[in-house]
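So the chains spell out like this:
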Amino acid sequence: MGADLLAPLMFAGALLLIFSGYPVAFSLGGTALAFVFIGEQAGLLSWGLLRAMPSRIFGVMSNFILLAVPFFIFMGTMLEKSRLAEDLLTTIGQLFGVVRGGLAIAVVFVGALLAAATGVVGASVVAMGLISMPVMLRYGYSEELSSGVITAAGTLGQIIPPSIVLIVLADQLGISVGDLFIGALVPGVALASLYALYAGGVALLWPDVAPALPADTRDISPGRLAQRVLLVMLPPLVLILLVLGSIFAGVATPTEAGALGAVGAMALAAANGRLSMDALHETMDETMRLTSMVMFLLVGSTAFSLVFRGLGGDFWVEGLLTNLPGGVIGFLLVANLVIFLLGFFIDFFEIAFIIIPLLQAPAARLLPPEFGATADAALVWFGVMVGMNLQTSFLTPPFGFALFYLRGVAPDEVATTQIYQGAVPFIVIQVLGLLALTLYPEMVTWAL
């Protein structure tokens, strides 16, 4: 059996194990061990290849960039436990609710703000599902629009900095996290604006689907409401300024900014009288669970990539992608289509660790001449595009995690099919966003 056949078989074998439901980290590691044995028997590589594993794993463990992941997870979870989202949704809902579609627009606004303050999708979707959905249904909003706007707004944490997926993508593509954060800022805000425009358009065309709240539901004077808006907006804005401002100004690295954000989240919880030992314990437990999952995936993907490259798989993938008809457009179409389709079945972390390293070399080689940019700027643009594509994995059935999060907290009268149907228009909006990024790369590269 030749090397040109073993590499594709290894890739297919890993995907088969993943789709069968076996844990991804162990699917990747087990496939690597199996194909080391097959490759050794075929005389294509040696067991000695695995001697490189300890140094590679140590490299993962000592990666300073990846240290930002637990910090941002901690920050987002702590803000959830301190009920920041609850305060925001209640107040912003009162502010916008008297306008048709105002509650849906308020959910998008709060989702964008939580994305910039936390970067954790699950926390945003659960909080908005628990607080906003019963109110929206009570005042006549359709189940589909309510579900769609909550799940879509919750996934903005994937593209609006500080996003955990952008940190992982920066590491896998070998580019600056700060550059990727800056590049993702305009596309993230533009996507949130498209969500709000869609909600407003639905309210304009079908008033019964997104009615305005009765005037008597706002039991607060305008002056008092303005004061409350200022009080609930100030803490997350200060935190955003501290975290993103320190990164963009070059004062702190993303890891240092993440540590600052974690401390800031605890300070905000304490200032509101909500920093308890129970909240701290739950936050640390959730942080440890998610961080452990990421690290196991990294170790499994490291073993997979080592053996895959040992079998010449990187040359196979590069040759496959660089010889596609259509040049750059063909490469972008195939890469985005593969990522989009895999998002129906596996998590964004798994896609980032399996697919992105294989796309890095072709992307760096193909994009700069076509778009008149440096290799780093092109990779930043490509990374933002992949980040927006990975965002759809939270919305695409059957395994969209945002759909699962909402299903867990939605009222019983909301059917699962209605949640799926509500996500479809927002998936279309994200695809249009990908198209806009392809046509106008300046949306990302303007500051690079």
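Explain empty space enclosed by the protein here, please?
Over the atoms, a rolling probe the size of a water molecule traces out where space has been left empty. One pass over the full model with this rule turns up two cavities of 30 Å³ or more. Considering only enclosed or pocket space, the largest cavity measures out at about 70 Å³ in volume. What lines the largest cavity is S301, F304, S305, F308, R309, F353, I354, P357 and L358. Where the lining of the largest cavity is concerned, the elements lending two or more residues are helix 13 (277–310), helix 16 (348–354) and helix 17 (356–371). Looking at which element gives the most residues to the lining of the largest cavity, the answer is helix 13, with five residues.

What am I meant to see in the packing of helix 10 (residues 177–205) against helix 11 (residues 222–248) here?
Viewed as axis vectors pointing N to C, helix 10 and helix 11 meet at an angle of 115°, and their least axial separation amounts to 9 Å. Taken together, the axes of helix 10 and helix 11 are roughly perpendicular relative to one another. Handedness of the helix 10/helix 11 crossing: left-handed. Residues G178, F181, I182 and L185 of helix 10 touch helix 11, and the partners they reach there are L244, I247 and F248. Residues that form the contact of helix 10 with helix 11 fall into these classes: six nonpolar, one polar and no charged.

Whenever I open this one, helix 9 (residues 164–173) confuses me. Can you help?
Each full turn of the α-helix corresponds to 3.6 residues, which orients residues three or four apart in the same direction. Among the ten residues that make up helix 9, ten are buried, leaving the element largely enclosed by the rest of the structure. Inspection of helix 9 places I164, V165, L166, I167, V168, L169, A170, D171, Q172 and L173 among the buried residues, and these make up the whole buried set. Near the N-terminus of helix 9, the side chain that reaches the backbone nitrogen of V165, with its oxygen 3.3 Å away, is that of S163. Two residues or fewer after helix 9 comes G174, characterised by a positive phi angle close to 70°.

Looking at this structure, I do not really get helix 8 (residues 143–154). What am I missing?
Spanning twelve residues, helix 8 covers 17 Å between terminal C-alpha atoms, matching the ideal 16 Å at 1.5 Å per step. Within helix 8, ten of the twelve residues are buried, which leaves the element mostly enclosed by the surrounding structure. Every buried residue belonging to helix 8 is among L145, S146, S147, G148, V149, I150, T151, A152, A153 and G154, and all of these are buried.

What should I look at first to understand the nonpolar core in this one?
One recurring pattern in soluble globular proteins: nonpolar side chains tend to sit buried together. Of all hydrophobic cores here, the largest spans 143 residues; its most connected members are L156 and L169. Among the elements that make up this core, the one with the highest residue count is helix 6 (residues 102–117) (twelve residues).

So what exactly am I meant to see when it comes to unusual backbone geometry here?
Excluding glycine, residues mostly have negative phi values, and the peptide bonds linking residues are mostly trans. Here the bond from P161 into P162 is cis, since omega is 0°, no more than 30 degrees from zero. Note that P162 resides in the loop between helix 8 and helix 9.

Looking at this structure, how should I read the packing of helix 10 against helix 20 (residues 416–439)?
Any two packed helices are characterised by how steeply their axes cross, that is the angle between the axes, and by the distance between the axes. Helix 20 packs onto helix 10 with a crossing angle of 140° between their chain directions and a minimal axis gap of 10 Å. With respect to each other, helix 10 and helix 20 are oriented oblique. Judged by the sense of rotation from one axis to the other, the crossing of helix 10 with helix 20 is right-handed. Contact with helix 10, carried on its side by P187, L191, L194, Y195 and Y198, involves P425, F426, I429, Q430 and L437 of helix 20 and no other residues of that element.

Conventions adopted
- Residues numbered from 1 in each chain as written.
- Predicted model: local features only at pLDDT ≥ 70, side-chain atom pairs only at ≥ 80, totals over all residues.
- Heavy atoms only, no water.
- 1 Å grid on protein atoms, 1.4 Å probe; cavity = no way out; pocket = protein on both sides within 12 Å on 5 of 7 lines; lining within 4 Å.
- Points joined across faces, edges and corners; volume = space filled by probe spheres on them.
- Helix = DSSP H or I, 4+ residues; strand = E, 2+ residues; numbered from the N terminus.
- Axes fitted to C-alpha atoms, helices over the stretch in contact; angles between N-to-C directions.
- Parallel < 35°, antiparallel > 145°, perpendicular 65-115°, else oblique.
- Left-handed = near helix turned anticlockwise from the far one by under 90°.
- Contact = heavy atoms within 4.5 Å.
- Nonpolar A, V, L, I, M, F, W, Y, C, P; charged D, E, K, R; others polar.
- Buried < 20%, exposed > 50% of the residue type's maximum accessible area, 1.4 Å probe, protein only.
- Polar contact = N/O pair within 3.5 Å; in protein donor to acceptor, adjacent residues only side chain to side chain.
- Expected span 1.5 Å × (residues − 1).
- Core = buried A, V, L, I, M, F, W, Y, C linked by side-chain atoms within 4.5 Å.

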